[in-house]
Amino acid sequence: MGDSIQLKDEGNKHFQSGDADKAIECYSKAIKACKDKKELAVIYRNRSACYLKKENFANAASDASKAIDVDAADIKALYRRCQALEKLGKLDMAFKDVQRCATLEPKNNTFVETLRRLGADIQAKLKSTFSTDSRVQNMFDILLDDEMEKDKREKAANNLIVLSREDAGAERIFQNNGVPLLLNMIETGKPEMILAAVRTLSGICTGHKARAMAIIHMVGVDKMCSIMAVDNEEIALATCNLFQCINDSLTGGDKREYGKEAALVLDASKDLKTILLSLLEMVTSKKVSGHGRDQALNLLTKNVPRTDLKNKDNSKSLFTIDHGLKKILKVCGQVPELPDQLPMTDNTQLIASVLLNKIYDDLTCDPERDNFRDICNEYIKSKIDPNDMDKTIHAVNTISGLLQGPFDVGNTLVGQQGIMEMMVALCASEREVDQMVAVEALIHSSSKMSRASFIITNGVSLLKDIYKKTTNEKIKIRSLVGLCKLGSAGGDDYGLRQFAEGSTEKLAKQCRKWLCNPKIDTKTRKWAIEGLAYLTNDADVKDDFVEDETALKAMFELAKSKDKTIIYAVACTLVNCTNCYEKKEILPELVQLAKFSKQHVPEQHPKDKKDFIEKRVKRLLKAGIISALAVMVKADSSILTNQTKELLSRVFLALSMDAKDRGTIVAQGGGKALIPLALEGTEAGKTKASHALAKIASISSPEIAFPGERVYEVVRPLVSLLQTDKDGVQNYEALRGLTNLAGYSEKLRVKIVKEKALPEIENYMFEENDQIRQAATECMCNLVTCKEVQDRYLEDGNDKLKLIVLLCGEDEDNLQVAAAGALAMLTAAQKKLCHKLSLVTTQWLEILQRLCIHTNPSIQHRGLVIVYNMLHSDDSELAKKLMESELLEILSVIGKAEDNPKRQDAIDVARECLVKAMDLSLIKPFTSPP
């Protein structure tokens, strides 16, 4: 008890002298020692005053509350809590406290004045709140007034959308009859009004399960579907976003604690099932526009298959197969040239194929996959009718859709007796639409060598006849692509060419001609790129193509167009041109064995060698490939599949191989475009994109390559390359990239630490490979200014500091610069490390002396800074030990040297060390004899 009173009195003295920190320290010790409740309340009250002075209002309120718990009439504690709560913005609670104070001391002018002021502030706040409500009403009045000026209506719409994106604003709109008023806006039928209403509804739903469920029932799923069905791309996209916001809020996007209300908003399964069934109905409804159908398919693609395969529940996919697989197949089978078809965009059928593929990939066992195949098989058989060619070509087009989606399913169907023969027979049909559908199906089905061989035997002459005889450009180009694909069936194997020498070049020349013809529609020109995607397996073709800058630019312009189905073909063509496809390593022993057994040995084309590839990369960069890639990366996720992302990642990596080209990549937005590729996709794709990012990050200024907040998104991909399953080059490039980022800002250093990169970087500091070990040490050198990194070196029971000291003794200059730099910064930041340094190894003094006499000025300067830090570490024994060693002589020689611009930094530090040694009375100043 006596100790607590003494500590309290000491705290009082410190507080009165203005030292709040020491007062807090004394009061805190007194609280631990005090056993008396009343005395404890006084100490808490006093510490509350200190916290008020320090503007730590949360702690001030907390301490005052503890004092009030003991004595509810403690007027000082009440007023201090009032002051703290006011600063925290809790005016109503502050008002109650000062009201109690004024009741206890009604004549105290301070309490009366505070009571009046807080009352006025609360009134003003209430007025502001009500004015927000009236502002919301005013916005709706403006929007629903037909006579109001257009710009005022637009401004009100934008304000409403912005307000809905803040939780408080969304609640205001919702509580003030907002949803019925938003429905009134939709009923006007004006696109701008519908857009504003739908976007506001999205804001209200975002992250709030209760509001999302209320909107489902107030607006109705059917109504939302009818809005998405309109033939307006912007409205369809906005409504799709509304559905997505609702889905996210109902499936875990809302983190609020509802308490007693939880039972009212907990079960959303019925609403989610209603939405799923409604979307499946939209897929085949003739009342739905092409844009609406695309968005319905997009929503199914995003929300039906599992995003995390660790989750064993794939019931949504199974439900969709049972209730909607045939509907999706119907979309795949649509032939726009026939009458009475569903409204579609250029992207619809590809989105449907992607959805089929994702659902099939989501299946977990053979019976589920068998059921999927059986439904597809049953659907195809039901459509094949020798007496109804329209139904038959619908079946063939459905197979094309499956071949572009779950290929194994489509391949199985093509392999059934009579299907391939039927396709070849359709090519000979007199109807152009039959020919077009059949040729497309042959193109998609000839991906396997066996299929290609069958078609070469049975269909090439037919394709050639169609190509020569038809006057329809659409059929002509498709038949040409069929020939292109068959001609490239051997891939890049020079010894497996299917056609005679020069034939593929002729086909490619015709494709380039169509590609460069702006009079031909985009969909038809797309097939020219499809042809080049196959033909560029041939090195002669790819070399001719990149020489044709007009054709390259035409392809890049098409890649930027609205028809995103073109992206995969463009990506394939670019992968071929840059030779960045996966190559199987061929062992010389196996080549000899194959030759001996007279087996085929893959041959490399002379133009697929390194110097030719480098020239092609330069030409692609000159033609503007980066801006095209940046646009392609932004495509909708249902079109930009993981496989396509991997292809784009491969191209980016190939383009960034030469350091001289990385400036061009950054200048045209390549750095920003790589980030999403590095974060999402296949493992191989993410690794390739991360590697390209590392190459760019290692030599580029972070604020230019990755402007704004994007730079923080780069850290995770680079850290992923430090894993042991990645190769040495990737480890090295990632370390260099992280080194550059760590040198840019403290915030980035903290981000690197949070991504758990430190253990990996430390491991690579032990690496046998000199380059990787140096890169890791340089990275650590840039990270040691971070407090969390310093704390790791302060911890006992590890060899982290010892490793840095030993690395300072290595013979490699660059490694020594990095290690000595890290040690200099660590000892400057943490005095305790100066003493610890002298204990980690018996060689420390010898290593330090070697640094101080090094011929490299940078290393010498760092060594002398370490000595300087140790002399200033407040450890007299350590300083004495330093001055009793040969270091005194080294410092004297360096300090007495004449000024030298090349070594001036080292000379100045040596002189400062000698001055400090004199201050510590370890050496005497030199005096001349009389």
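Quick note: structure is the one above.
First, a word on what this report is: a plain description of the structure on this page. Given the structure is predicted, the values throughout are model-derived calculations rather than measurements.

**Remarks on the overall build of the chain**
Consideration 1: Check the secondary structure of the chain and you find 55 helices and zero strands.
Consideration 2: In terms of overall size, the chain is more extended than a compact globule, its C-alpha atoms giving a radius of gyration of 37 Å where 930 residues would be expected to give roughly 30 Å.
Consideration 3: Each of the three principal axes of the chain carries a C-alpha extent, and together these read 115 × 80 × 55 Å.
Consideration 4: Accessible area of the chain: about 44500 Å², with a carbon and sulfur share of 50%.
Consideration 5: Put simply, the chain has 131 plus and 132 minus side-chain charges, and the middle of one group is 2 Å from the middle of the other.

**What to know about the nonpolar core**
Consideration 1: Core analysis: the largest hydrophobic core is formed by 265 residues, its most contacted members being Phe372, Leu515, Ile625, Leu629 and Tyr793.
Consideration 2: Dropping the residues within four chain positions of it, Leu515 is found in contact with Arg525, Ala528, Ile529, Leu532, Phe545, Ala551, Ala554, Met555 and Leu558.
Consideration 3: Ala41, Tyr51, Ala94 and Val98 belong to the second largest nonpolar core, which has 32 residues in total.

**A word on the packing of helix α51 (residues 844-852) against helix α52 (residues 857-871)**
Consideration 1: Two numbers describe how α51 lies on α52: the axes approach to 7 Å, and their chain directions differ by 130°. Compared by their axis directions, α51 and α52 come out oblique. Each of Trp844, Leu848, Leu851 and Cys852 in α51 lies in contact with α52, whose residues at this interface are Ile859, Gln860, Gly863, Leu864, Ile866, Val867 and Met870.
Consideration 2: Here the contact of α51 with α52 is composed, by residue class, of nine nonpolar, two polar and no charged.

**As for unusual backbone geometry**
Trans is the prevailing form of peptide bonds, just as negative phi is the prevailing case for residues other than glycine.
Consideration 1: Of note in this structure, Glu55 is not a glycine but carries a positive phi near 65°.
Consideration 2: By the element assignment, Glu55 lies in the loop between α3 (37-53) and α4 (57-70).
Consideration 3: On the basis of relative accessibility, which here comes to 60%, the residue Glu55 falls in the exposed class.
Consideration 4: Positive phi, normally seen in glycine, also occurs at Asp874, with a value near 65°.
Consideration 5: Of the residues examined, Asp874 reaches a relative accessible area of 66% and is grouped as exposed.

What counts as what
- Residues numbered from 1 in each chain as written.
- Predicted model: local features only at pLDDT ≥ 70, side-chain atom pairs only at ≥ 80, totals over all residues.
- Heavy atoms only, no water.
- Helix = DSSP H or I, 4+ residues; strand = E, 2+ residues; numbered from the N terminus.
- Rg over C-alpha atoms; globule rule 2.2 N^0.38 Å.
- Areas by Shrake-Rupley, 256 points an atom, 1.4 Å probe, with all protein chains shown as cover.
- Lys, Arg positive; Asp, Glu negative; His and termini not counted.
- Charge placed at Lys NZ, Arg CZ, Asp CG, Glu CD.
- Core = buried A, V, L, I, M, F, W, Y, C linked by side-chain atoms within 4.5 Å.
- Buried < 20%, exposed > 50% of the residue type's maximum accessible area, 1.4 Å probe, protein only.
- Contact = heavy atoms within 4.5 Å.
- Axes fitted to C-alpha atoms, helices over the stretch in contact; angles between N-to-C directions.
- Parallel < 35°, antiparallel > 145°, perpendicular 65-115°, else oblique.
- Nonpolar A, V, L, I, M, F, W, Y, C, P; charged D, E, K, R; others polar.

As far as function goes, none of this settles anything; it's purely spatial.
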